[in-house]
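# Chains, contacts and geometry: an overview
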Amino acid sequence: MRETLVLNASFEPLSTVSLRRAVVLVMQDKAVVEQAHPGLRIRATGVEVPVPQVIRLCRYVRVPFRQRAPWSRRGVLVRDRHRCAYCGRRATTVDHIQPKSRGGRDTWLNTVAACSEDNQRKADRTPEQAGMRLLVRPFEPTPADALLLALGVTDRQSLPEWLALPA
């Protein structure tokens, strides 16, 4: 099941959390369910909770302004939709276009999702040296784009009107 979106008390999107963490926050009265999966409920002894898609924190959390989305291996896989940048199959690893041994760094523009076979075939070379072609160019997502990608949202029109972001 998809991740659950966490909103600040001011309805500002903060992050995504697992379903389990979202339910814990609701049960501890630290958050309320703003939108739930229709018809799905979690039942336990004496408790019944709707399966949350979006939760809102009860207390405002001050967050420093971020102009850039922080790089992470998971973020690269989500950005590339778990598709290999070399062959298009399911990706499980992250490949450095400029290998780390040659000065490449962990950045959005130097990493792509890759299947383990292509990652091993490319080894410690650049794609040109390995005779491999990138199907997609890496890009640096904005923090808002990174959040939407983590939620699995591909169409901004599918968002509720109170969460819709400017295009």
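Right above here is the structure, for reference.
Below: a short report on this structure. What you see is a predicted model; the values in this text were computed from it and never measured.

## Examining the overall build of the protein
A tally of helices and strands in the protein yields five helices and six strands. The order of helices and strands in the protein, counted from the N terminus, is β-β-α-β-β-α-β-β-α-α-α. The proportion of buried residues among the 167 residues of the protein is 38%. A total accessible area of about 10600 Å² is found for the protein, and carbon and sulfur atoms account for 51% of it.

## What to know about the sheet that holds strand 1 (residues 4-7)
Read across the open sheet, the four strands follow the order 2-1-4-3; overall the sheet is mixed. In the strand order of this sheet, the two ends are held by strand 2 (13-17) and strand 3 (31-44), each with one partner. On average, each strand axis in the sheet is tilted by 40° relative to the strand beside it, whichever way the strands run. Where strand 1 meets strand 4 (residues 47-57), three bridges bridge the pair, whose relative direction is parallel. Directly across from L5, in strand 4, lies its bridge partner V54.

## Topic: the nonpolar core
It is characteristic of soluble globular proteins that their nonpolar side chains tend to be buried jointly. L77, C84, Y86, A91, V112 and L134 are the most contacted members of the largest nonpolar core, which has 17 residues in total. Where this core is concerned, the elements lending two or more residues are helix 2 (73-79) and strand 6 (111-114). Considering every element that reaches this core, the biggest residue donor is strand 6, with three residues. If we ignore the near neighbours within four places in the chain, the residues touching C84 are R89, A91, A113, A114, C115, D118 and L135.

## Some details on the packing of aromatic side chains
By the definition in use, this model includes zero aromatic pairs. Over the ring of F139 we find R79, and its NZ or CZ is 5.5 Å from the ring centre.

## Comments concerning helix 1 (residues 19-27)
Within the span of helix 1, buried status applies to A22, V23, L25 and V26. With its buried residues spanning 160° around the axis, helix 1 presents them on a single face. Elements in contact with the buried residues of helix 1: strand 1, strand 2, strand 3 and strand 4. Following helix 1 by one or two positions, D29 adopts a phi angle in the positive range, close to 55°.

## Focus: unusual backbone geometry
Even without glycine at this site, R81 takes up a positive phi of about 55°. Of note in this structure, A123 is not a glycine but carries a positive phi near 55°. Note that A123 resides in the loop between helix 3 (116-122) and helix 4 (127-130). Looking at A123, the relative accessible area reads 44%, which means it is partly exposed.

## Description of the environment of N119
Among the structural elements, N119 can be located in helix 3. N119 has contacts with T93, V94, D95 and A114, leaving out every residue within four places of it along the chain. A polar contact is formed between the side chain of N119 and the backbone oxygen of V94, at a distance of 3.4 Å.

## A few points about the pairing of strand 4
Direction of pairing for strand 3 relative to strand 4: antiparallel, over a ladder of nine bridges. By the bridge assignment, V32 is partnered in strand 4 with R56. Between strand 3 and strand 4, which pair antiparallel one after the other, the connecting turn spans two residues, and G46 there sits at a positive phi close to 75°.

## Digging into the pattern of salt bridges
Inspection of the entire model under this criterion finds ten salt bridges. With its nearest N and O atoms 3.7 Å apart, the salt bridge here joins E3 to R74. Of the two residues, E3 sits in the segment before strand 1 while R74 sits in helix 2, which places them 71 residues apart along the sequence. With its nearest N and O atoms 2.8 Å apart, the salt bridge here joins R79 to D80. Take R79 and D80: they sit in the same class, and that class is buried.

The rules behind the values
Residues numbered from 1 in each chain as written. Predicted model: local features only at pLDDT ≥ 70, side-chain atom pairs only at ≥ 80, totals over all residues. Heavy atoms only, no water. Helix = DSSP H or I, 4+ residues; strand = E, 2+ residues; numbered from the N terminus. Buried < 20%, exposed > 50% of the residue type's maximum accessible area, 1.4 Å probe, protein only. Areas by Shrake-Rupley, 256 points an atom, 1.4 Å probe, with all protein chains shown as cover. Pairing = 2+ DSSP bridges. Axes fitted to C-alpha atoms, helices over the stretch in contact; angles between N-to-C directions. Core = buried A, V, L, I, M, F, W, Y, C linked by side-chain atoms within 4.5 Å. Contact = heavy atoms within 4.5 Å. Phe/Tyr/Trp six-rings, centres within 6.5 Å; stacked < 30°, edge-to-face > 60°. Lys NZ or Arg CZ within 6 Å of the ring centre and 35° of its normal. Arc of directions from axis to C-beta. Polar contact = N/O pair within 3.5 Å; in protein donor to acceptor, adjacent residues only side chain to side chain. Salt bridge = Lys/Arg side-chain N within 4 Å of Asp/Glu carboxyl O.

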